[in-house]
Amino acid sequence: MASAPSDALRRRHDNVRAALTGASLDALVVTSLPNILYLTNFAGSAAIVVLDRERIRFLTDSRYVAAIADTRGKPYECPDLEMTVVAGSYDVRLAEALGPYRAARVGFESAHLSVARYNWLARTLTADGAPNPLAPTEGVVEEARVRKDAYEVSVLREAGHRLSAVASSVYSLVRAGRSERDVAADIDWHLRRAGFQRPAFETIVGSGPHAALPHARPSGRIIGEGDLVVLDFGGVHGSYCVDLTRTVAVGKPSDRARQVHEAVRQAQARAIAAIRPGVSRFDIDAAARSALAEQGMAEAFGHGTGHGLGIEVHEDPRVVQRRPGVDTRHEAVDTGMVFTVEPGAYFPGWGGARIEDDVVVTDQGAELLTMVTNELLEL
Ligand code: GLY
Ligand code: MN
Ligand code: MN
């Protein structure tokens, strides 16, 4: 499996260390597995990282010792990794590892450490009357992940290329008389055949009235002549997620179906045309939304225009409506950001359409990572 080169990992450590300095923290306990993967290339299911100004300590258990040892001397070895093998409780070993920091300020990821674990750690670290060193943080590593580095962009380009090839090959699977579930199972098989590690989420096939459900679960419904069918699928390649949607017609689409599909297509084109460094992500959303509003379909588009892609299938930046209380960090999009552009129009009881592509922001604007026709195909 592809892994980030050691020098990219070193730069990521440096970026997070700079953020720690800025926040007056001496160390950060990283308990989010996607964040651990980003910092170390570790893709297993259990580990904790303690990153301080000089060291990177890595706690894992015996299941992963051989895999870590195998990276030694390789071009993707995590630099300076100090491994502790956990036998028994991770949190007992974490408390031991934090012993030297008890007069310091140690950040923890408040979104990724349960209250029960935090309470236990705080109680343990203060049992002898020492002050609690733990300080909540939010999004320190995620902040670094928002702009992809050159390695990540190259992996996402390759993943987008593969996903586009899958899209081209799945159209032949969609026919009147087949069930949504059968089509979804075949799409998943094509994802594996294309070399994806796994689907990035549960594949969506929504036909006829089910196309009105943005996150339709494939059902036993039999696809019929004249249906619009939403096909939304994604794959994980080299630990990075890509995500694509096409809406196709089975047989001859109605005039209304053509109109809805074309409105969504125009909305997506407007949003993509609006992308360039410095533009507000809320304005990119507004570009899609106003195109649909011009066709009288404002109410039919309930979800956001897009979401960031990377180690997780839904991450920052969020291309959404500006509303009270919405997170305003990273309002301006910047080079290296990777996100989806996926407007849709949904009419309960009738059906709907969505078109989704993935882009990376460059100095020139948006480079498409997924490339497959978005004309309404009649299958
Ligand atoms: N299928 C999930 C998404 O497009 O975000
Ligand atoms: Mn999708
Ligand atoms: Mn998506």
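Remember, it's a predicted structure, so these values are computed and weren't measured experimentally.

The subject of this paragraph is the site of ligand 1. Around ligand 1, a shell composed of Phe 201, Ile 204, His 215, Asp 232, Asp 243, His 307, His 314, Glu 342 and Glu 356 is seen. Contacts to ligand 1 include Glu 342, whose side-chain N or O atom sits 3.1 Å from an oxygen atom. Here ligand 1 occupies the largest pocket. Here the shell around ligand 1 is composed, by residue class, of two nonpolar, three polar and four charged.

A few words on the coordination of the manganese ion (ligand 3). For the manganese ion (ligand 3), every protein donor is listed as Asp 243 (OD), His 307 (NE2), Glu 342 (OE) and Glu 356 (OE), and the spread of their distances is 2.1 to 2.2 Å. Around the manganese ion (ligand 3), the six donor atoms are arranged such that angles at the metal cover 54 to 156 degrees; this shape is classified as irregular. In this structure the manganese ion (ligand 2) is found 3.3 Å away from the manganese ion (ligand 3), and Asp 243 serves as a bridging donor for the pair. Here the residue Glu 342 occupies a position in the loop between strand E13 (338–341) and strand E14 (344–347), and Glu 356 occupies one in the loop between strand E15 (351–354) and strand E16 (357–362), the gap between them amounting to 14 residues. Take Glu 342: its relative accessible area is 9%, and that puts it in the buried class.

With that out of the way, let us pick up the pairing of E14. Covered by surrounding structure in E14 are Gly 344 and Tyr 346 together with Ala 345 and Phe 347, the residues of both alternating faces. Between the end of E14 and the start of E15, which pair antiparallel, lie three residues, with Gly 349 showing a positive phi angle near 85 degrees.

What follows deals with the nonpolar core. Counting 64 residues, the largest nonpolar core has Val 16, Phe 58, Val 174, Ile 187, Val 229, Leu 231 and Phe 233 as the members making the most contacts within it. Here the element with the most residues in this core is helix H7 (residues 150–170); it accounts for nine residues. When residues no more than four places from it in sequence are discounted, the contact partners of Leu 231 are Tyr 171, Val 174, Val 183, Ile 187, Ile 204, Val 205, Leu 244, Thr 245, Arg 246 and Val 248. Among the nonpolar cores identified, the runner-up in size contains 29 residues, and Ile 275, Val 279, Ala 288 and Val 361 belong to it.

With that settled, consider empty space enclosed by the protein. Taken as a whole and assessed by the stated rule, the structure comprises one cavity of 30 Å³ or more. Taken as a whole, the largest cavity encloses approximately 80 Å³ of empty space.

Quick notes on the rules
- Residues numbered from 1 in each chain as written.
- Chains lettered and ligands numbered in written order.
- Predicted model: local features only at pLDDT ≥ 70, side-chain atom pairs only at ≥ 80, totals over all residues.
- Heavy atoms only, no water.
- Near = heavy atom within 4 Å.
- Polar contact = N/O pair within 3.5 Å; in protein donor to acceptor, adjacent residues only side chain to side chain.
- 1 Å grid on protein atoms, 1.4 Å probe; cavity = no way out; pocket = protein on both sides within 12 Å on 5 of 7 lines; lining within 4 Å.
- Sits in = over half its atoms within 2 Å of the grid points.
- Nonpolar A, V, L, I, M, F, W, Y, C, P; charged D, E, K, R; others polar.
- Donors = N, O, S within 2.8 Å, 3.2 Å for Na, K, Ca; no water.
- Tetrahedral: all angles 85-135°; square planar, octahedral: opposite > 155°, others 65-115°.
- Helix = DSSP H or I, 4+ residues; strand = E, 2+ residues; numbered from the N terminus.
- Buried < 20%, exposed > 50% of the residue type's maximum accessible area, 1.4 Å probe, protein only.
- Pairing = 2+ DSSP bridges.
- Core = buried A, V, L, I, M, F, W, Y, C linked by side-chain atoms within 4.5 Å.
- Contact = heavy atoms within 4.5 Å.
- Points joined across faces, edges and corners; volume = space filled by probe spheres on them.

These values are about where atoms sit, not about what they do.
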